[in-house]
Amino acid sequence: QVQLVESGGGLVLDGGSLRLSCAASGRTFSSYGMAWFRQAPGKEREFVAAITWRGGSTYYDDSVKGRFTISRDNANNTVYLQMNSLNPEDTAVYYCAADSLAFSPTPAAGDFGSWGQGTQVTVSS
């Protein structure tokens, strides 16, 4: 397993942008598929975006497609989530996740074995 630490959350106005980072520890980071999930108060954790271990394939939930971009830097053991055109419905705690096994284009939270502690994103209207 890898240890994950998210950063970059905060308060932003409707239409604004944020970039989340997830720093991973462990020598085998480059062999892990990575993803971002989010959880709003009173709701289940939901898939946001994922990227395969080489970064060759990316997947997005329809609600963020065209606004969010996931990327990774294997040399620095970091995965990013660039979030543009944010709206209040994007308000949630965002979690970074990792797993060494392959996942589907719409993975479930249970597909990932390693999780960060989460970072709060609040979009104000």
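Residues numbered from 1 in each chain as written. Predicted model: local features only at pLDDT ≥ 70, side-chain atom pairs only at ≥ 80, totals over all residues. Heavy atoms only, no water.

As for the state of the cysteines
What is meant by a disulfide is a covalent connection between two cysteines, made through their sulfur atoms.
Moving on, step 1. Applying the stated criterion to the full structure yields one disulfide.
Moving on, step 2. There is a disulfide in this structure between C22 and C96, and the S-S distance comes to 2.1 Å. Looking down the S-S bond of the C22 and C96 bridge, the torsion is -80°, so its handedness is left-handed. With a gap of 74 residues between them, C22 in strand β3 (residues 18-25) and C96 in strand β9 (residues 92-99) connect regions that are remote in the sequence. (Disulfide = S-S within 2.5 Å. Helix = DSSP H or I, 4+ residues; strand = E, 2+ residues; numbered from the N terminus.)

Examining unusual backbone geometry
Moving on, step 1. Positive phi is not limited to glycine here, since N77 has a value of about 50°.
Moving on, step 2. Mapped onto the elements, N77 comes out in the loop between β7 (68-73) and β8 (78-83).
Moving on, step 3. The phi dihedral of S85 falls on the positive side, at around 50°, and the residue is not glycine.
Moving on, step 4. Positionally, S85 belongs in the loop between β8 and β9.

Concerning the nonpolar core
For soluble globular proteins, the rule of thumb is that nonpolar side chains tend to be buried together.
Moving on, step 1. Counting residues in each nonpolar core, the largest one holds 28 residues, and the members touching the most others are M34, W36, L81, M83 and Y94.
Moving on, step 2. Among the secondary structure elements, those contributing two or more residues to this core are β3, β4 (33-39), β5 (46-51), β7, β8, β9 and β11 (119-124).
Moving on, step 3. In this structure, A35, F37, A97 and F103 belong to the second largest nonpolar core, which totals seven residues. (Core = buried A, V, L, I, M, F, W, Y, C linked by side-chain atoms within 4.5 Å. Buried < 20%, exposed > 50% of the residue type's maximum accessible area, 1.4 Å probe, protein only.)

Quick notes on the pattern of salt bridges
Moving on, step 1. Enumeration according to the criterion identifies four salt bridges in this entry.
Moving on, step 2. Between R38 and E46 there is a salt bridge; the shortest N-O distance is 2.7 Å.
Moving on, step 3. The partner of D62 in a salt bridge is K65, and the shortest N-O contact between them spans 3.0 Å. Each member of the pair, D62 as well as K65, is classed as exposed.
Moving on, step 4. Connected through salt bridges with shared partners, the residues R38, E46, R67 and D90 form a single ionic network. (Salt bridge = Lys/Arg side-chain N within 4 Å of Asp/Glu carboxyl O.)

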